[in-house]
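Architecture and fold: a report
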Amino acid sequence: MFESRLLAALAAGSTVVTPNKRLARTLVATYDNAQRSAGRRAWPAARALPWSAWLEQLWNDVLAHDALPTVTRLLRAPQARWRWRQIIAADSAALSDVRGAAALAADAWAITKAWGGGGESWRGWRNDALAEDDDCATYAGWAERFHATLGHMRAVDDASLADALIRAIDGVDAWRNLDIVLAGFIEPTPQHDRLITALTERGARIARCEPIAARPTQLARASAGSPRDEMLLALTWARNEALANPGATIGIAVEDLASRRDEVIALAEDVLCPALQLPGHEGETRPYNVSLGSSLASAPLVAAALGWIELSIRSLPLAQAVVLLRSPYLPDATAQWPRRAALVKTWLDSGRREVSYGDAANALDRVDQALGERLRRAFAAYRFPNEASPRVWVDLWRGWLAAIGWPGDRPLTSAEQQTRDAFDELLVNFAAMSVVDERMRMFDALGALGDLGDDTVFQPESPPVPVQIVGLLEAAGLPFDRLWIAGLAADRWPRAPQPHPLLPLAWQRDHDVPRSSAARELRFARKVTTLLLRGAPRVIASYARSVDDDEPRRASQLIAELDLPALAPLDSETCNASYASQLYASAPSLEAIADLRMQPLAEGASVRGGAHAIEAQGNCPFQAVALHRFNVDRWPRAKTGLTAIERGTLVHAALAAFWNDVRDSATLGSLDDSALTARIATAAESARRSLKEERWRWVPPVIAAGETTRLAALLRHWIAAYERTRPPFAVEATEVQAELTLAGVSFRLRLDRVDRVSGGAAIIDYKTGVTLPPKAWFDPRPRSPQLGLYALARRQATPQSLTCAVAYAQLQPGAVKLNGIAADVVSWPALVQVEDTKVGSWPALEAWWEAHLGALAHELRSGVADVAPRDGPKTCRICGLGPLCRVGGVALEVDDIADE
Ligand code: SF4
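Everything numeric in this text was worked out from a predicted model, so none of it was measured.

What counts, and at which threshold
- Residues numbered from 1 in each chain as written.
- Predicted model: local features only at pLDDT ≥ 70, side-chain atom pairs only at ≥ 80, totals over all residues.
- Heavy atoms only, no water.
- Helix = DSSP H or I, 4+ residues; strand = E, 2+ residues; numbered from the N terminus.
- Rg over C-alpha atoms; globule rule 2.2 N^0.38 Å.
- Buried < 20%, exposed > 50% of the residue type's maximum accessible area, 1.4 Å probe, protein only.
- Pairing = 2+ DSSP bridges.
- Axes fitted to C-alpha atoms, helices over the stretch in contact; angles between N-to-C directions.
- Contact = heavy atoms within 4.5 Å.
- Parallel < 35°, antiparallel > 145°, perpendicular 65-115°, else oblique.
- Left-handed = near helix turned anticlockwise from the far one by under 90°.
- Near = heavy atom within 4 Å.
- Nonpolar A, V, L, I, M, F, W, Y, C, P; charged D, E, K, R; others polar.
- Salt bridge = Lys/Arg side-chain N within 4 Å of Asp/Glu carboxyl O.
- Phe/Tyr/Trp six-rings, centres within 6.5 Å; stacked < 30°, edge-to-face > 60°.
- Lys NZ or Arg CZ within 6 Å of the ring centre and 35° of its normal.
- Expected span 1.5 Å × (residues − 1).
- Domains from an automatic or database assignment.
- Polar contact = N/O pair within 3.5 Å; in protein donor to acceptor, adjacent residues only side chain to side chain.
- Core = buried A, V, L, I, M, F, W, Y, C linked by side-chain atoms within 4.5 Å.
- pLDDT = per-residue confidence, 0-100.

In this section: the overall build of the protein chain. Each helix and strand counted, the protein chain has 38 helices and 25 strands in total. Rg of the C-alpha trace for the protein chain: 38 Å, well past the compact-globule value of 29 Å for 900 residues, more than 25% over. Principal-axis analysis of the C-alpha atoms places the extent of the protein chain at approximately 120 × 65 × 55 Å. Going through the 900 residues of the protein chain one by one, you find that 49% of them count as buried.

Here's what the structure looks like:
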């Protein structure tokens, strides 16, 4: 409970001023509840507000009374931060993190003002002994310039506001009648005290009051193995307390909440409202809230707005652009997002790494014409200038976002509406930067808006909830029905000293600045601990016994010295199991049904994919069914250069172009070195046309330029090693279409090349990957089946035309090779004589192919779809269909695959 004097002061019409918003809000809510409980239906509004808002109110009095003629403007935090950046950027062009330095300098300025004597302390640090190092002197220079800016603009900033109010004190008569109660200020700054003293001397009635009265409190201690377990323990306890005491307010104060906010939220979701994690509950109110919001720029609704503004002026990385298109903050997003999201595959397929506004609009035409059209219209209506004032930028951005339909057409949740309001305020703050920077270039403006969003901490307000998770300082002074204080380990509490790096250490210690010395921190921690321990009738203080298995940790001395009783153990099962693992553990055991076949194909049906369908059936029946009957596409990978398939296409096209030109071994033999080089260069150049021009645009220029050279070198190597050395031959055809019917299934094939050699025809298949030697072909489920299929297709099409050799030409840079079989190696000595293979003769070879490849075709036709990779994980590793066949959970251990 709050101190009764505070509530009485509110009832009497006093204004209560608090150090933070949460305390002021809680105070007003408690007061209002008390009025309702007393049966009142209407009552004068209680006035409680945080210190910063109160100063602003006083500043409005100053303006209304013209009490400080030399100052006409209040420079708000975003404007001040931007001015600090300008000063630092002008002073230190080589500084890599101007934004970080500006934040540090603004912080130092606030400390100088709050903890200094009210004068220009920094002036003594420029060359003074106090300035121990260059950083302090540098800061002093920046501070002088910032001070001059304020003078030049006749402005005052938030950090100097209290001192400005003191200067204006004689000009505002109304301040004599102020009736103020200050509540919850643990260590008021000297600047704070100066203002309070000046107002009191002026006649204002200002009292101080502890927010919570000292009262008997039941205390206990707890500890856990790690910070995570400690938080789980606290949340489980909070849940139990909330269930046992409906209507109770339960606080969890966390020492390092700022750095653990995301982790704490994830654990709170798991422990306090597990069912709300399921899809469809995103917008529902949680039974807890967490103080210390996150950056406004990271809120999805704002991130989408900033992303669309950025996309309007420059290309975005593919991943970022796709998130924008999938965003729910576009018109008709609920119905259309899956179609819009599918564009990512198109872009990955085409090797796109960046997406421009025009690219997005054009691609959308194929999947969602209405949005594509809308984007184009918006783009035509809003052309951004190179430079404009912040106000103009804001008008343009607003218009642009409205034109593209942000934030969509579905009703916003309460939290989203608050986020949108906060974004509007952000734009207003940005427009107000006109006072420090009249004109901003396009990219500077965009950067400044993003930084402003990053620096703006935002948290949507929620209705009263049972569990409040807050930082230690925020909790000190707040009354709860139950309170858990977490993180009170010896190395965390009191906090270690951490003097500000831009301010002289001696000055900081002289002025008792926060974090300037261990003694100061101990004193401060004692005060905070005392307030925390009276924060509820039942309080538990806890710490983690170790962090990441490091050295064991002890409880803070401030807790250990109290010798508190240990908290009764909680149910350990509920403490440690995540909701996901609980769900998993409670799943019923599944019934296994072997479903290994799909519908058979009709007699004469044709299968898409040609020879690859048979190869896939041999590799793994499910692979063949997925790729060639379900027409599944593998998910493409983001790539910088060409894919292996594209490189293969180039090689095939270059060789086809070369042999369509050169035709036979006699012509090849007649070419001298330079003539051969020229023919190869022409073929390589023409092969580029086998890939779309648009594709080349997305290949980095250095790779695109090197591709033709690489291709020419590969062809040259192949021709020198294997074509020039062959007995006479003539190229009969390249890229030959053929059909083969096997086991009642029809396949469309394409033979890369057929040569006329002594004894008949030689079929050549170009490969840019590794090829197998003939001895590996004769597996019961044949490997490398293409040449067999091609030979059978030739025989089926023209029985009188003999095939007497088949060969895989391996065109791999650094591993050019030939693997094949000939009926008589006289026609091609580099091949293996058929008598030296397992089958022994050419007719037997064709019969073997017919039987074994026919068996695979028969499997394909009858719908055999076993998940049975030929070489286990090795086959799966290059397959890419694992997410579909779920082989990890069906046939093989996932770890096996990962280990391969
Ligand atoms: S991942 Fe393995 S089991 Fe699955 S389809 Fe591919 S090869 Fe077959």
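One open sheet accounts for 4 strands, arranged 2-1-5-6; its pairing is parallel. Two strands bound the open sheet, and with one partner strand each, they are strand 2 (47-50) and strand 6 (205-209). Each strand axis lies, on average, 25° off the axis of its neighbour in the sheet, ignoring direction. With 4 bridges connecting them, strand 1 (residues 15-18) and strand 2 associate as parallel partners. Note that in strand 2 the partner of threonine 15 across the bridge is arginine 47. Relative to the sheet, helix 3 (residues 51-65) contacts strand 1, strand 2 and strand 5 (179-183), its axis offset from that of strand 2 by approximately 105°.

Here the focus is the packing of helix 4 (residues 77-91) against helix 6 (residues 134-153). Relative to each other, helix 4 and helix 6 sit at 130°, their axes nearing to 10 Å. Judged by the angle between their axes, helix 4 and helix 6 are oblique. Like other packed secondary-structure pairs, helix 4 and helix 6 cross with a definite hand, here right-handed. The segment helix 4 lies against helix 6, with Ala80, Arg83, Trp84, Ile87, Ile88 and Asp91 engaging Thr138, Tyr139, Trp142, Ala143, Arg145, Phe146 and Thr149.

Near the ligand, the surroundings consist of Cys620, Phe622, Gln623, Val867, Pro869, Thr875, Cys876, Cys879, Gly882, Cys885 and Val887. Those elements that provide at least two residues to the shell around the ligand are helix 27 (621-628), helix 35 (873-877) and helix 36 (882-885). Each residue belonging to the shell around the ligand can be placed in one class, and the counts come to 8 nonpolar, 3 polar and no charged.

Right, let's get into the environment of alanine 360. Here alanine 360 lies in helix 15 (residues 357-367). Taking C-alpha positions, alanine 360 is 9.4 Å from leucine 311, a pair spaced 49 residues apart along the chain.

The next thing to look at is the pattern of salt bridges. Tallied over the full model, the rule gives 64 salt bridges. Taking the shortest distance from any N to any O, the salt bridge between arginine 538 and glutamate 241 comes out at 3.8 Å. Placement of arginine 538 in strand 18 (residues 538-544) and of glutamate 241 in helix 9 (residues 227-244) is noted, with a sequence separation of 297 residues between them. Arginine 753 is the partner of aspartate 755 in a salt bridge, and the nearest nitrogen-oxygen pair spans 2.9 Å. For arginine 753, a relative accessible area of 0% corresponds to the buried category. Taken together, the salt bridges that share partners define one network made up of Arg81, Arg85, Arg99, Asp451, Asp454 and Asp455.

Once that is clear, we can look at unusual backbone geometry. Along the chain, tryptophan 406 connects to proline 407 via a cis peptide bond; the corresponding omega equals 5°. That bond from tryptophan 493 to proline 494 is cis: its omega, 5°, falls within 30 degrees of zero. With respect to the secondary-structure elements, proline 494 resides in the loop between strand 17 (482-486) and helix 21 (505-510). Notably, arginine 154 is not glycine yet its phi reads approximately 55°, a positive angle. Within the fold, arginine 154 resides in the loop between helix 6 and strand 4 (155-157). Residue arginine 154 is classed as partly exposed on the basis of its relative accessible area, which comes to 40%.

A separate point is the packing of helix 3 against helix 8 (residues 190-202). Where helix 3 meets helix 8, the closest approach of the two axes is 14 Å, and the angle between their N-to-C directions is 45°. Considering the angle they form, helix 3 stands oblique to helix 8. Crossing of helix 3 against helix 8: the hand is left-handed. Every residue of helix 8 that contacts helix 3 at Trp51, Trp54, Leu55 and Leu58 is listed here: His192, Leu195, Ile196 and Leu199. Counted by class, the contact of helix 3 with helix 8 contains 7 nonpolar, 1 polar and no charged residues.

Here we take up the packing of aromatic side chains. Applying the stated rule across the entire model yields 22 aromatic pairs. Look at tryptophan 84 and tryptophan 109: their rings are 5.8 Å apart centre to centre, the planes differ by 65°, and that puts the pair in the edge-to-face class. Residue tryptophan 84 is located in helix 4, and its partner tryptophan 109 is located in helix 5 (residues 98-115); the two are separated by 25 residues in the primary sequence. Taken as a pair, tryptophan 84 and tryptophan 109 share a single burial class, namely buried. An aromatic cluster of at least three residues, connected via ring pairs, comprises Trp84, Trp109, Trp122, Trp125, Tyr139, Phe146 and Trp507. Against the face of tryptophan 696 rests arginine 688, its NZ or CZ located 4.2 Å from the ring centre. A cation over a ring is seen here: arginine 726 above tryptophan 828, with NZ or CZ 3.6 Å from the ring centre.

This brings us to the sheet that holds strand 18. Strands in a sheet are paired, the pairing made by backbone hydrogen bonds, and the direction either parallel or antiparallel. Spatially, 6 strands are ordered 7-18-17-8-16-9 in an open sheet, and the strand pairing comes out parallel. With one partner strand each, in any of the chains shown, strand 7 (218-224) and strand 9 (288-290) form the two edges of the open sheet. Pairwise comparison of adjacent strand axes, ignoring direction, gives a mean angle of 20° for this sheet. Two elements, strand 17 and strand 18, share 4 bridges in a ladder whose sense is parallel. In the strand pairing of strand 18, arginine 482 is matched with arginine 538.

Along its 12 residues, helix 33 (residues 786-797) runs 16 Å from first to last C-alpha, staying within 8% of the 16 Å computed at 1.5 Å per residue. Among the 12 residues of helix 33, 9 are classified as buried, and the element is accordingly described as predominantly covered. Every buried residue of helix 33 is accounted for by Gln786, Leu787, Gly788, Leu789, Tyr790, Ala791, Leu792, Ala793 and Arg794.

Turning our attention to the domain arrangement of the protein chain. As far as domains go, the protein chain holds domain 1 (51-209), domain 2 (218-292 + 468-579), domain 3 (294-458) and domain 4 (606-883). The centre of domain 1, based on its C-alpha atoms, is set 77 Å off from the matching centre of domain 4.

Now for helix 5. End to end, helix 5 covers 25 Å across 18 residues, agreeing with the expected 26 Å (1.5 Å per residue, within 8%). Those residues of helix 5 that sit buried are Val98, Ala101, Ala102, Ala105, Ala108, Trp109, Ile111, Thr112, Lys113, Ala114 and Trp115.

Another point: the side chain of serine 556. Relative to the assigned elements, serine 556 resides in the loop between strand 18 and helix 23 (557-560). According to the relative accessible area criterion, serine 556 is buried, its value standing at 0%. Here tryptophan 493 takes part through its backbone oxygen, which lies 2.8 Å from a polar atom of the side chain of serine 556.

The nonpolar side chains of soluble globular proteins are, as a tendency, buried together. In terms of nonpolar packing, the biggest core is built from 90 residues, with Tyr139, Trp308, Trp393, Trp397 and Phe430 touching the most fellow members. If near-sequence neighbours (up to four positions away) are discounted, tyrosine 139 is found in contact with Trp84, Ala105, Ala108, Trp109, Thr112, Trp125, Leu502 and Leu503. Counting residues in hydrophobic clusters, the runner-up holds 43 residues, among them Ile680, Leu715, Val816 and Leu818.

So, on to the confidence of the model for the protein chain. Overall, the prediction assigns the protein chain a mean pLDDT of 91, with 96% of residues at 70 or greater. Note on residues 891-900: pLDDT is under 50 here. Beyond four places in sequence and across chains, it has 15 contacts.

Right, let's get into the side chain of glutamate 416. The topology assignment puts glutamate 416 in helix 18 (residues 414-431). Setting aside anything within four residues of it in sequence, one finds glutamate 416 in contact with Leu301, Tyr329, Arg410 and Pro411.

Here valine 662 lies in helix 28 (residues 644-662). When the C-alpha atoms of valine 662 and arginine 679 are compared, they prove to be 8.2 Å apart, with 17 residues separating the residues in sequence. Filtering out sequence-adjacent residues up to four positions away, valine 662 remains in contact with Thr667, Leu668, Leu671 and Arg679.

Let us look at the pairing of strand 23 (residues 803-810). Of all 8 residues in strand 23, 8 are buried; the element is thus mostly enclosed. With 7 bridges connecting them, strand 22 (residues 760-767) and strand 23 associate as parallel partners. From the neighbouring strand, lysine 767 faces strand 23, where its bridge partner is glutamine 810. In terms of strand pairing, strand 23 meets strand 24 (residues 817-822) through 6 bridges, oriented antiparallel. Residue pairing for strand 24: alanine 809 is matched across the bridge by leucine 818. Count of turn residues in the strand 23/strand 24 antiparallel hairpin: 6 residues, of which glycine 814 carries a positive phi of about 85°.

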